[in-house]
Amino acid sequence: MRARLTARLEHQPGGTATLALHRSSARPLPAVFFRFDGPAAPPPPDRADAAAVLPIFAAMRRGADLHVDGAVSAPLLDGLERFVEAWVDWRPDLYRPIQVTAAEELPDPPGTAAKGAALLFSGGLDSAATLIRHRDGLAGRASRKLGLGIMAHGFEVPLSDPAWFERSRASAAATLDQAGVPWCTLTTDARPTLAADWEMEFVALCAGVLHLSRGQAGSGLLASDDNWARLTTALPWSSNLATNPLLGTQGFPIETDAGGLTRADRARLLMRLPAAHANLRVCYLSPASGINCGRCGKCVRRMLQLHVAGVPPSPAFAHGLTVGGVLRLAPRRGHQRATLQEIVDDARRFGQSDRFVWALKAAVLRSRLGLVPPSRAEVTAWLRRQYRRWRPKPPAE
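Predicted model only: the values in this text are computed from it and were never measured. (Residues numbered from 1 in each chain as written. Predicted model: local features only at pLDDT ≥ 70, side-chain atom pairs only at ≥ 80, totals over all residues. Heavy atoms only, no water.)

### Section: the packing of helix α13 (residues 334-349) against helix α14 (residues 355-368)
Two elements in contact, α13 and α14, have axes whose closest approach is 10 Å; the angle formed by their N-to-C orientations is 145°. Note that α13 runs across α14; the crossing there is left-handed. Between α13, through Arg 337, Leu 340, Gln 341, Ile 343, Val 344 and Ala 347, and α14, the contact on the second element is made entirely by Val 357, Leu 360, Lys 361, Val 364, Ser 367 and Arg 368. Class assignment of the residues belonging to the contact of α13 with α14 gives a composition of seven nonpolar, two polar and three charged. (Axes fitted to C-alpha atoms, helices over the stretch in contact; angles between N-to-C directions. Helix = DSSP H or I, 4+ residues; strand = E, 2+ residues; numbered from the N terminus. Left-handed = near helix turned anticlockwise from the far one by under 90°. Contact = heavy atoms within 4.5 Å. Nonpolar A, V, L, I, M, F, W, Y, C, P; charged D, E, K, R; others polar.)

### Describing the side chain of His 211
Within the secondary structure, His 211 sits in helix α7 (residues 198-212). A relative accessible area of 1% means that His 211 is categorised as buried. Ignoring anything within four residues of it in the chain, the contact list for His 211 reads Pro 45, Asp 49, Ala 50, Val 53, Leu 76, Leu 247, Gly 248, Phe 252 and Ile 254. (Buried < 20%, exposed > 50% of the residue type's maximum accessible area, 1.4 Å probe, protein only.)

### Focus: the packing of helix α11 (residues 297-308) against α13
Between α11 and α13, the shortest axis-to-axis distance is 9 Å and the interhelical angle comes to 15°. The angle between α11 and α13 places the two elements in the roughly parallel class. For the pair α11 and α13, the sense of crossing is left-handed. Counting all contacts with α11, which are made through Arg 301, Leu 304, Gln 305 and Val 308, the residues of α13 involved are Thr 339, Leu 340, Ile 343, Asp 346 and Ala 347. (Parallel < 35°, antiparallel > 145°, perpendicular 65-115°, else oblique.)

### What to know about the state of the cysteines
Applying the stated criterion to the full structure yields zero disulfides. In this structure Cys 299 is not part of a disulfide, and its nearest cysteine sulfur, from Cys 283, lies 3.6 Å away. (Disulfide = S-S within 2.5 Å.)

### Re the pairing of strand β6 (residues 117-120)
Put simply, side chains in a regular strand alternate between the two faces of the sheet. Residues of β6 alternate between two faces, with Ala 117 and Leu 119 on one and Ala 118 and Leu 120 on the opposite face, all of them buried. Crossover handedness for the path β6 to helix α4 (residues 125-135) to strand β7 (residues 146-153): right-handed. Here β6 runs beside strand β9 (residues 219-223); their pairing, made up of three bridges, is parallel. Among the inter-strand pairings, Leu 119 is bridged to a residue of β9, identified as Leu 221. (Right-handed = clockwise from strand over helix to strand, strands pointing away. Pairing = 2+ DSSP bridges.)

### Re the packing of aromatic side chains
What the rule picks out here adds up to nine aromatic pairs. With 5.1 Å between their ring centres and 85° between their planes, Trp 87 and Trp 90 make a pair best called edge-to-face. Note that Trp 87 and Trp 90 are positioned in helix α3 (residues 74-90) at a spacing of three residues, about one turn of the helix. Classification of Trp 90 by relative accessible area gives partly exposed; the value is 28%. Ring centres 6.0 Å apart and planes at 70° place the aromatic pair Phe 202 and Trp 237 in the edge-to-face group. Of the two residues, Phe 202 sits in helix α7 while Trp 237 sits in the loop between α8 (231-234) and β10 (254-257), which places them 35 residues apart along the sequence. Cluster of aromatic residues (ring-pair linked, three or more members): Phe 57, Phe 83, Trp 87, Trp 90 and Tyr 95. Above the plane of the ring of Phe 350 lies Arg 268, whose end atom (NZ or CZ) is 4.4 Å from the centre. (Phe/Tyr/Trp six-rings, centres within 6.5 Å; stacked < 30°, edge-to-face > 60°. Lys NZ or Arg CZ within 6 Å of the ring centre and 35° of its normal.)

### Points about the sheet that holds β6
Strand order in the open sheet formed by ten strands is β5-β4-β1-β2-β3-β8-β7-β6-β9-β10, and the pairing between neighbours is mixed. If you trace the sheet from one side to the other, it starts and ends with β5 (100-106) and β10, each paired once. Averaged over neighbouring strand pairs, the angle between their axes works out to 25° when direction is ignored. Strand direction decides the pairing type here: strand β1 (residues 4-12) and strand β2 (residues 16-23), joined by eight bridges, are antiparallel. Its bridge partner lying in β2, Leu 5 is registered against Arg 23.

### Details of a positive patch on the surface
Together, Arg 384, Arg 385, Arg 388 and Arg 391 make up a positively charged patch on the protein surface. On the secondary structure map, Arg 388 appears in helix α15 (residues 376-390). (Patch = residues over 30% accessible without salt bridge, like charges linked within 9 Å, V, L, I, M, F, W, Y side chains within 5 Å. Areas by Shrake-Rupley, 256 points an atom, 1.4 Å probe, with all protein chains shown as cover. Salt bridge = Lys/Arg side-chain N within 4 Å of Asp/Glu carboxyl O. Lys, Arg positive; Asp, Glu negative; His and termini not counted. Charge placed at Lys NZ, Arg CZ, Asp CG, Glu CD.)

Below is the structure:
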């Protein structure tokens, strides 16, 4: 008999929803909560689509069929079937085939675009670019009226540090206020239970939260992590242009924005909204100051993308761009090297050729030649493997 994971979503007064998860062959998983607060907190949705999306990776990881004790849109169940196929094919080492069912299947309601789209907003480059594109109607026929910006606590910023989140919320809210978009916050403890492998699984939390907002929004917007040109090198990655649409329906689509833009293209959009440029959020290594460290690899890459796009340095970085910081970029994986190569290509496209670009070219060449020393984490992992392999065996009894 196959294992089964039953999900039940319950809404309480005050904007809180609880997702209970019961397993047929083991103890229940911890119940998780989602609480909306703020001036534009959405009312409860009329169906339990979020309960089918939120635990999808947790169910695949355990090889347990997922059953929703509630009403779910039938087209969403169709999409989740294909979503499972894709992820089992990409990562058979992590996920197993499952079936997704519901106690009641509902027809997809007509689209409600007039309600506006809900956008998960972190204040980072990708979400800021999506905010600007849709506010200014730059996404062509895909442009949406923005009805709600959601700032999540419990995703990147841990629940254990509310002061850190408050600093992040204040800067992101300043950007949303300047853009004229209503906003709310979302607090949740779901990450450890539903997204154990964050880089592979965070999209289920993001899409599930957007489904929870459908009482106020007509669609959900996700800022794309990559573009179409890099799709083959980026996969498998949790949020991607190929499988994200399967987490929505025609009545409530989950749309992934800016797939045709590089990050330097997105950086150029920041000048259309000064608050987005001033409050840009990139890294999480300086929680006490509330600004980006300016030293880590992610900060250096973002500053390079701003630089090659001709965008002035953002005051959100504690330190500016340096040649030494660029030379220390040392990607060992193909998709990381592709990120740096994209910046080199953008520099050529925008006519940028200075000491920072030459330092970046040197870093990419060193990576291609295999001249990158292993990181401390890689050395530690290798030593642990050797110890387990060669440690003395206990004497036989």
